[in-house]
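What follows is the residue order along each chain.
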Amino acid sequence: MTFMNDSANIKQFQLIKFINENCSDDHVISKISIVLRRDKIEAPYYMDTKIRLSSCIDMPDNGIVHAMNILNHHRMYNLDENKYNEIKLLIADTFDDDNESEHVKIFKEDKRLKIVLMSKNNDEFGNLFKEYGELFEKIDDLID
């Protein structure tokens with residue numbers, strides 16, 4: 001039973017960083033979605049993270065030859081108000097409307113904030129950790 005409790009505490013961003021650093025495939029595609037919400041009655045301060053990693057081998061003339069899902073991970077958090085505000089402030093300091101690009105999408109609503117980070121190869125994937133490592137660490141630190 002101890003193993004099950006320990007395995008539930010995997011730090012998700014450390015895991016995908018480990019995959020990035022130890023993957024020999026240059027064609028790792030990632031999509032990371034972080035959603036902060038404060039609209040649920042039963043959990044007023046809430047965060048959802050979704051991470052999807054895929055690998056593909058493509059040929060310029062013939063399209064995709066092979067595609068494989070490496071990881072599809074979803075974690076839900078009930079936060080207290082202080083942690084919610086701390087993460088929201090970190091996101092506000094890290095991202096603004098000028099940060100939007102093909103790799104970063106920002107969706108803001110009254111009670112919902114969504115950040116989507118995408119990469120198309122292993123180098124771009126590694127750059128996500130350099131640019132947004134502080135946010136990833138803060139989220140991982142929610143799990144003891």
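These numbers come from a predicted model, not from an experiment.

Peer 1: Got a minute to help me understand the nonpolar core in this structure?
Peer 2: One recurring pattern in soluble globular proteins is that nonpolar side chains are buried together. I16, I32, I34, I91, F95, L117 and F136 are the most contacted members of the largest nonpolar core, which totals 31 residues. Ranked by residue count, the leading element in this core is helix α4 (residues 122-140), at seven residues. The residues contacting I91, other than those within four sequence positions of it, are I34, L36, L113, I115 and L135.

Peer 1: I tried to follow the packing of helix α2 (residues 12-22) against α4 on my own but got confused; where do I start?
Peer 2: Direction vectors running N to C along α2 and α4 enclose 160°, while the axes themselves pass 10 Å from each other. One way to sum up the angle between α2 and α4 is to call them roughly antiparallel. In terms of crossing hand, the pair formed by α2 and α4 is left-handed. Where α2 approaches α4, its residues Q12, F13, Q14, I16, K17 and N20 are matched on the opposing element by N122, F125, G126, F129, F136, I139 and D140. Residues that form the contact of α2 with α4 fall into these classes: six nonpolar, five polar and two charged.

Cut-offs applied
Residues numbered from 1 in each chain as written. Predicted model: local features only at pLDDT ≥ 70, side-chain atom pairs only at ≥ 80, totals over all residues. Heavy atoms only, no water. Core = buried A, V, L, I, M, F, W, Y, C linked by side-chain atoms within 4.5 Å. Buried < 20%, exposed > 50% of the residue type's maximum accessible area, 1.4 Å probe, protein only. Helix = DSSP H or I, 4+ residues; strand = E, 2+ residues; numbered from the N terminus. Contact = heavy atoms within 4.5 Å. Axes fitted to C-alpha atoms, helices over the stretch in contact; angles between N-to-C directions. Parallel < 35°, antiparallel > 145°, perpendicular 65-115°, else oblique. Left-handed = near helix turned anticlockwise from the far one by under 90°. Nonpolar A, V, L, I, M, F, W, Y, C, P; charged D, E, K, R; others polar.

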